[in-house]
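Chain and residue survey
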Amino acid sequence: MVGASATPASAAAPAPRFAHLAPGAQPTLVEKVPVNVVFLGYDRQEVNQAQFTSGLAKTYVPEVRSRQWYGEREKLGITYAYDYKISYADRGYEDAFFKKLSGLATPAPLTAYQEAYNAQEKNVLDVTENNYIDGPSVEKYLAYNPPRGVDTRRNTIFLINWYGRADFKFHLYRKTGEPDPDTGYDFGANRDSRKMMAWGGTTADDEETGLGSTRRVWFADLSAGPEANMANYIVDQLDVDGDDYPDYRMPTAWEYTAGGFRAPSALAGDLAKLTRYVALDLLMTTSPLYPVELPTTTGVPKSINVDSNTYEGWPGVDASAQYIKPDLLVKELSELRWRNRLDYDNQDIAWDARNTACFTGQFVTGETCYEDQTLPSGANLFLYNDEFIARTKDDAGKVDYELPLINYVYTDENAGTPLGYADDNWADGTQSYVFSFLSPGIVAAGYGLTTTQIHEAGHHLGMSHPHDGWDSESATDIGPSGDFYFAWVGDESNSMMSYIDVNWDFSQFDRDNSDRFLTAAYNEAANALAANVLADPDARRATADLYAADLALGLAKKAFANHEYRAAYTFAEEGYHAVVRAAKKAGVDPNAVASAMRAEAEQARISGKADDPHEFIDTLEPGSGPRSLP
């Protein structure tokens, strides 16, 4: 509600009162999130329900993660309250499901990681044979054939154990048939490191393995493996990444035994960790990496130009023509930002001496190329491209927002193999430029530019990796090392944001989270602009539009609470545009709020507040995760 002081004292009419529009305030979006947890192959004696639920969170409040790098806590105005429904599949359902698994199993050689497990001194048993099972087929079966009373249209987690049954087969899941679009390399078919113990998140309309209608399923099977991604093939040592700190991993099902890698009494707690920190924190109800409203002076943007700029440095190769598929790039980003109008253009730019010095300084020598700045060498590419921003952003006035993709194509292998990163502004955690890299070594590893661009642009639009995130109830940053090494298993989902590289689509969970974030962003933008309108002497001219906004935001809140995320996003956007109409009628600049935010960010950058907060440079360097493994 807005107090009487929001309108001039001479106004005859009282200040308008709103039920949902809250001028100057954050949104208050609340969702009671249904979460089905199905134990499939575990009985109540193995996994005690009380012990399991004691490890789960009750609520979740998303925050903008990039703001945390600068000591800021920016909440979105969203509160999730988890509504758990926990069930144990009966024997009849288990028999049918494991018969299905057996039928899908295809005999295969042991992977390098299963062989490495057998070579361990402390392994409980030797893996004697192996089978590959198509992960998307299992997801589809679970989605359309769940146990009675389980609605897979809502978030559903299947925790599976086949081990111990007479029909058990050693196995791993895989997804094939979706090679890199630029190189044709199929990571799922060719890499042992891409064989998995979990899968899910496929959309209804996925071009390769679409479910046909919207379902929200993720399964994790500890009886699969051992596998590379969780490094549970290593049982002789606790520190597997060499940082002198024990790495917490979930072993295979048979290692939960006396004398095994972990005591049977820890099983319920480990399954709770997978549910809370992976399925919920990293997949189903996440926090955005960057603000989703985008840094623009024109309010929340409607039209977005995917503005590709390629520094061509590979003699004889036109990388922008050979290693970028513009139609695929725009198509995939449009599936995430489906209410935006996206188009694409590219310009090739020659390397100059300054650019070369900045690139070498960032990746080889560690030297800054802007000695008059307080920022470290990690900001070299940001500073160089920021200096030449006019050259990069060449569609001013034609679109609401230019999404700047900066592609570095080079031949110097001494620079290593960075794939890409979505940079911030080195001031307050607002996103800036999207950097992607290509060299002969990167192509030889199977990658072009397109998939890196989609992944990094996904970060720019707010998406986090499915292996890192935020746990709000404990105020803990989650990354795949130490106590949360097991978070790597979040990559085993149908998400463009993963490192598993067997698909190039945003998951259903990505889409849901993006729609929720944008609902909050439009709601907050409407509230902020409404405060400016009501402070204007001509505010009464805008009353009808403000009430229209109030109605639309009420519908957005209702849809949000009913898990209708696309509808919520649509209504919130309508509410914002109603306030824009109100602003114009009152003579208020509808872009004033966004302009002020950009000015504040620029002032923070000039003040030299940033040091080196960046954590998410995606690379092929050894030890950097599954992408570096054969």
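Preceding this section is the structure that the text describes.
Residues numbered from 1 in each chain as written. Predicted model: local features only at pLDDT ≥ 70, side-chain atom pairs only at ≥ 80, totals over all residues. Heavy atoms only, no water.

Let us look at the sheet that holds strand S1 (residues 29-40). Strands sit in the order S2-S3-S1-S6-S9-S8 across an open sheet of 6 strands; the sheet is mixed. Each having just a single partner strand, strand S2 (59-60) and strand S8 (198-200) make up the two edges of the open sheet. Those strands touched by helix H3 (residues 91-104) are S1 and strand S6 (155-160), and its axis lies near 80° from that of S1. Along the sheet face, helix H5 (residues 135-144) touches S1, S6, S8 and strand S9 (217-221) and points at about 120° away from the line of S9. (Pairing = 2+ DSSP bridges. Helix = DSSP H or I, 4+ residues; strand = E, 2+ residues; numbered from the N terminus. Contact = heavy atoms within 4.5 Å. Axes fitted to C-alpha atoms, helices over the stretch in contact; angles between N-to-C directions.)

Per the stated rule, a full pass over the model turns up 26 salt bridges. Among the salt bridges present, the one from arginine 339 reaches glutamate 573, with a minimum N-O distance of 2.3 Å. Separated by 234 residues along the polypeptide, arginine 339 in the loop between helix H9 (326-336) and strand S11 (341-350) and glutamate 573 in helix H17 (residues 565-586) bring together distant segments of the chain. Overall, arginine 339 belongs to the partly exposed group, its relative accessible area being 22%. The class of glutamate 573 is buried, set by a relative accessible area of 2%. Among the salt bridges present, the one from arginine 627 reaches aspartate 501, with a minimum N-O distance of 3.1 Å. One end of the pair, arginine 627, is in the segment after strand S17 (618-619); the other, aspartate 501, is in the loop between strand S16 (476-478) and helix H15 (508-534), and 126 residues separate them in sequence. Salt bridges sharing partners connect three or more residues here, namely Asp205, Glu207, Lys331, Glu335 and Arg511. (Salt bridge = Lys/Arg side-chain N within 4 Å of Asp/Glu carboxyl O. Buried < 20%, exposed > 50% of the residue type's maximum accessible area, 1.4 Å probe, protein only.)

A few words on the state of the cysteines. On inspection of all chains with the given rule, the structure shows 1 disulfide. Here cysteine 358 engages in a disulfide with cysteine 369; their sulfurs sit 2.0 Å apart. Between cysteine 358 and cysteine 369, the disulfide has an S-S torsion of 100° and is therefore right-handed. On the criterion of sequence distance, the pair formed by cysteine 358 in helix H10 (residues 353-365) and cysteine 369 in the loop between H10 and helix H11 (380-387) is long-range, its members being 11 residues apart. In this structure cysteine 358 comes out as buried when scored by relative accessible area, which is 0%. (Disulfide = S-S within 2.5 Å.)

Let us look at the packing of H10 against H11. At a minimum axis distance of 8 Å, the contact between H10 and H11 shows a crossing angle of 160°. As far as their axial angle goes, H11 and H10 are roughly antiparallel. Where H10 crosses over H11, the two elements pack in a sense that is left-handed. Packed against H10, whose contacting residues are Arg354, Asn355, Cys358, Phe359, Gly361, Gln362 and Phe363, the element H11 presents Asn380, Leu381 and Tyr384 at the interface. Residue classes in the contact of H10 with H11 are distributed as 5 nonpolar, 4 polar and 1 charged. (Parallel < 35°, antiparallel > 145°, perpendicular 65-115°, else oblique. Left-handed = near helix turned anticlockwise from the far one by under 90°. Nonpolar A, V, L, I, M, F, W, Y, C, P; charged D, E, K, R; others polar.)

Looking now at the layout of surface pockets. For the second largest pocket, the calculated volume is near 580 Å³. Every residue lining the second largest pocket is counted, 30 residues in all, and those nearest its centre are Pro480, Trp488, Gly623, Ser624 and Gly625. At the level of elements, S16 and S17 are the ones that each hand at least two residues to the lining of the second largest pocket. Partitioning the lining of the second largest pocket into residue classes produces 14 nonpolar, 10 polar and 6 charged. (1 Å grid on protein atoms, 1.4 Å probe; cavity = no way out; pocket = protein on both sides within 12 Å on 5 of 7 lines; lining within 4 Å. Points joined across faces, edges and corners; volume = space filled by probe spheres on them.)

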